[in-house]
Structures are given as structure tokens and as C-alpha cells.
Amino acid sequence: MNHDFDLLIVGGGLVGGSLALALRDAPLRVGIVEALTETQRQALTAGDRALALARGTIQILDRLGVWQDVAPKAMPIRHIHVSDRGRFGKTRLHALEKGVDALGHVIVARTLEDRIARELRGLDAELICPARVIGLKAGPNGVCVTLKKGEECLNLTAALVVAADGGNSTVRRLLGIEQNVRDYGQTAIVTEVSTEADVNFTAYERFTTAGPLALLPLERKKCSVVWTMKDQEADELLSESDANFTANLQSAFGYWLGKIQLASRRQGFPLKLIRAEKMADDRVLLIGNAMHQVHPVAGQGFNLGLRDAASLAERLLTKLAFNEDIGEKAFLDRYARARQRDLANTIHFTDGLIRAFCTDFPPFALARNAAMIALDCFPPAKRLLARHAMGYGFRF
């Protein structure tokens, strides 16, 4: 059947854009549907968030031709310091011990978004923007997609549609794919702080009575803060003055970096574990946040979504080498089954951290404190933790 496109990617952001870049040399007619104009994207506060990029993620970005340009704007993580407030237990990871220059990097999302957007403009692919999907119907030979572009309605067909249109995915909703949602009853408070001492390329994960607190290095004396706690406690803390909030944050984190000062406004984000009931439908795949949203405690969200895109591109290239139908049901089902393992491992890892460190019940607190001390002294266990931190503990 002759389609308008072989592959139609809905969502041209970090994950959808990365998929398009990974297929830049493939013999495919690719269309990219993006709802936001460049001006609208630049205005989003989501672009200000910090992304923790695992080492495996950086290798993917390098293969896409993206990393070299943004690397000078990213802060390497050469040390990871995990501690439990009020107790002696600590675990420390060092890049040199693993024979690498960095365990990962931290970058402002907009820096990476800008680079991917610039690369997309140079592709031999059709960018349909601004446009949004308003109708979708899959058949045995292709998918019919209706787009709203300004006052115009466009009807297009494709052999395969990949939805990378975020947590509120229109494609998922039109297909009637339900979500499994677990409300953690927690809110992540996100902000930035300046520090008295040099961060020294260190990422801190500190488990407090309120919840896990991460400080990720943005500059030599500046960090991104992600502090997770129960919804009610977060609401109370967000309503405090800047001075009172900073005092609470200083008390929870301690003086590892000397005195800290608030460097940006505070925002609160309710936390839920969201997983679509299926990744593959007739000639449609869900990837990235359209498929899953995980707890931010280990910074795995974007890393997981990028692995979705990289794995799919790899499999599509193999499929094309044999001149086979890229929308074949058996092929999509195999991809979905393969990705479920990575997704399940990531969920178990992040959930395990939350369950272990979000309780102050004395027996649990003593057990985890002992475990952290043992982990710091047991090289095989530290190597496994380091592999997870670098993005190698999860497989395509």
C-alpha cells in the first residue's frame, strides 16, 4: 500500500526527535508531528529542568551526533555521594574507580532540546508544525491519521505511527489504551541553589525524614534540587518564605557544600508511577512518557525514554535491511516484550529505593544504615550500583 509516510512520529521533543535522528540515514519517508512552535517551546518552564544523563545515555546521544556540541554545557558527575540524614551510613561511587572519566552528566533540558531541534531542521524528513492529532484509525495495511493544522484538517496515512507525545498522549487516548497509575502521595519540589563550596563534580542523594533529596551539579557552585516528600508536607514547605524554605533545606542536606542560597523559584510536581497497559497496538507504538512515567528518585525518566527510541531505531534498521514491513504486528509485539524488561527493572529499582528510604521505622532505618555501610565496603555490590548509575544495569 502506498502511504504518505513510512513512519509518522507524533511528538518532536527529546525522545521523538532522537528517534528521527537515529533513522536519518534509513530509506524511510519520515514525518514528524509537533504541536508546539519554537516560540512556544522556548517559553515552557519544563525546559529549565535539569536532566541527569547516564553514561549509557551519553553514548546514545554521541551516536546521534548531538553530544559533542552540548558536552561543554553539561556538568560531569565524577562522584556520587549517598547518605542517610542523622545516621552514619554512606555509599560513595567514584568515576576513577570504574575506569571512566564520568559516571554521567547533568544538563539543562533546554540545551539538549535546542540541539535536537536544530538537527531535526536539517533532516530529510517533513516537520508538520504546529499540528495536533485529532483522529487515528489503524487497519491491517496502515494507519489513517487526521491532523489539525491551524484551520486546516489533514488526512495522512503511514505504515507505522510512533507516539512520543508525552504523559498526556493524545495518541494513547484515541486508541483507548488505559493506564495503570500508582499515586505515590508525594510531591517533588524542584529548584536551584547556589553553594558556598565547590560542588567538585559530585551528585548528592540524601535520604531525609521527609523524603529523598537530590542535589545535582549544574555549575561549580550551583546545583539543581529535587526534594521528594509527602504532598501535605510539600504544600506547607512551598508556602513558606524563601528564607524559611532555605533553612529547612539546609537542615535536611547539611553543610556538605557550606551555606546554600536559593537561586530560582520553587515548583512542586505531584508524583505518580504511570504505565500504559500496552506499548504496541495495530501499527502504533508508544514510547517515552507516552508509555511510562517513573519516580524521579534515580533520575531515570529521560534515560529510559531514550533507550526506547534507540532500541526501536536499531530494530527498525534491521527490519529495513530485509525489506520487511515495519508495521507488522509480530515485529511490534516483539519490540514491546523486549522493552518491558527494561521498564520493569527500572520500576523495581526506583520503587525499591523509595520503599527502603521513605520510612523512619527504627528496624528498617537500622537495616538500611547497615546496608549502606556494607555496600560502601563491598566492591561487587558497588560495581552493580555503579552500573545502574551509568545506565548499564538496564538492557534493550
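What you see is a predicted model, and the numbers here were worked out from it, not measured in a lab.

Rules of the game
- Residues numbered from 1 in each chain as written.
- Predicted model: local features only at pLDDT ≥ 70, side-chain atom pairs only at ≥ 80, totals over all residues.
- Heavy atoms only, no water.
- Helix = DSSP H or I, 4+ residues; strand = E, 2+ residues; numbered from the N terminus.
- Buried < 20%, exposed > 50% of the residue type's maximum accessible area, 1.4 Å probe, protein only.
- Contact = heavy atoms within 4.5 Å.
- Areas by Shrake-Rupley, 256 points an atom, 1.4 Å probe, with all protein chains shown as cover.
- Expected span 1.5 Å × (residues − 1).
- Pairing = 2+ DSSP bridges.
- Axes fitted to C-alpha atoms, helices over the stretch in contact; angles between N-to-C directions.
- Parallel < 35°, antiparallel > 145°, perpendicular 65-115°, else oblique.
- Left-handed = near helix turned anticlockwise from the far one by under 90°.
- Nonpolar A, V, L, I, M, F, W, Y, C, P; charged D, E, K, R; others polar.
- Polar contact = N/O pair within 3.5 Å; in protein donor to acceptor, adjacent residues only side chain to side chain.

## Description of the overall build of the protein chain
Now for step 1: The helix and strand inventory of the protein chain stands at twelve helices and 20 strands.
Now for step 2: The 396 residues of the protein chain split such that 52% are buried.
Now for step 3: Put simply, of all contacts in the protein chain between residues at least 6 apart along the chain, 72% involve residues at least 24 apart.
Now for step 4: By element, 52% of the accessible surface of the protein chain is carried by carbon and sulfur atoms, the whole surface being about 18,100 Å².

## Concerning helix H5 (residues 109-121)
Because the α-helix completes a turn every 3.6 residues, residues three or four places apart line up on one side.
Now for step 1: Between the first and last C-alpha of H5 there are 19 Å, a value that for 13 residues agrees with the 18 Å anticipated at 1.5 Å per step.
Now for step 2: Among the residues making up H5, those that are buried are Ala109, Arg110, Leu112, Glu113, Arg115, Ile116, Ala117, Glu119 and Leu120.

## Focus on the pairing of strand S17 (residues 267-276)
Now for step 1: Summarising the sheet, strand S12 (residues 179-195) and S17 pair through ten bridges and their orientation is antiparallel. By the bridge assignment, Asp183 is partnered in S17 with Lys272.
Now for step 2: Two elements, S17 and strand S20 (residues 292-293), share two bridges in a ladder whose sense is antiparallel. Each residue of the ladder has a partner; that of Arg275, found in S20, is His292.

## Some thoughts on unusual backbone geometry
Now for step 1: Across the junction of Cys129 and Pro130, the peptide omega takes the value -5°, indicating a cis bond.
Now for step 2: Secondary-structure assignment places Pro130 in the loop between strand S8 (126-128) and strand S9 (132-138).
Now for step 3: The phi torsion at Asn200 lies on the positive side, around 55°, for a residue other than glycine.
Now for step 4: Along the polypeptide, Asn200 turns up in the loop between S12 and strand S13 (202-207).
Now for step 5: Judged by its relative accessible area of 41%, Asn200 is partly exposed.
Now for step 6: Although it is not a glycine, Phe201 sits at a positive phi angle of roughly 55°.

## Things to note about the sheet that holds strand S3 (residues 50-54)
Now for step 1: The sheet built from three strands is open, its strands ordered S3-S7-S4 with antiparallel pairing. Of all strands in the sheet, those bounded by a partner on one side alone are S3 and strand S4 (75-77). Averaged over all pairs of adjacent strands, the angle between strand axes in this sheet comes to 30°, irrespective of strand direction.
Now for step 2: As paired elements, S3 and strand S7 (residues 104-108) share five bridges and run antiparallel to each other. What sits directly across from Ala54, in S7, is Gly104.
Now for step 3: Set on the sheet, H5 makes contact with S3 and S7; between it and S7 the angle comes to about 85°.

## With respect to the packing of helix H3 (residues 55-63) against helix H9 (residues 301-321)
Now for step 1: Running from amino to carboxyl end, H3 crosses H9 at an angle of 45°, the nearest separation of the two axes being 10 Å. By the criterion of interaxial angle, the relationship of H3 to H9 is oblique. When you trace H3 past H9, the crossing you get is left-handed. Mapping the contact onto sequence places Thr57, Ile60 and Leu61 in H3 and Phe302, Asn303, Leu306, Arg307 and Ala310 in H9.
Now for step 2: Partitioning the contact of H3 with H9 into residue classes produces five nonpolar, two polar and one charged.

## Remarks on the side chain of Glu113
Now for step 1: Relative to the helices and strands, Glu113 resides in helix H5.
Now for step 2: Sequence-distant contacts of Glu113, defined by excluding residues within four places in its chain, comprise Leu14, Arg41, Gly47 and Arg49.

## Structural notes on the side chain of Arg266
Now for step 1: Mapped onto the secondary structure, Arg266 falls in the loop between strand S16 (260-262) and S17.
Now for step 2: Judged by its relative accessible area of 16%, Arg266 falls in the buried class.
Now for step 3: Of note is the side chain of Arg266, whose polar atom sits 3.4 Å from the backbone oxygen of Leu238.
Now for step 4: Within the structure, the side chain of Arg266 is placed 2.7 Å from the side chain of Asp242, a separation counted as a polar contact.
Now for step 5: Discounting chain neighbours no more than four positions away, the residues touching Arg266 are Ile189, Val190, Thr191, Leu237, Leu238, Glu240, Ser241, Asp242 and Phe245.

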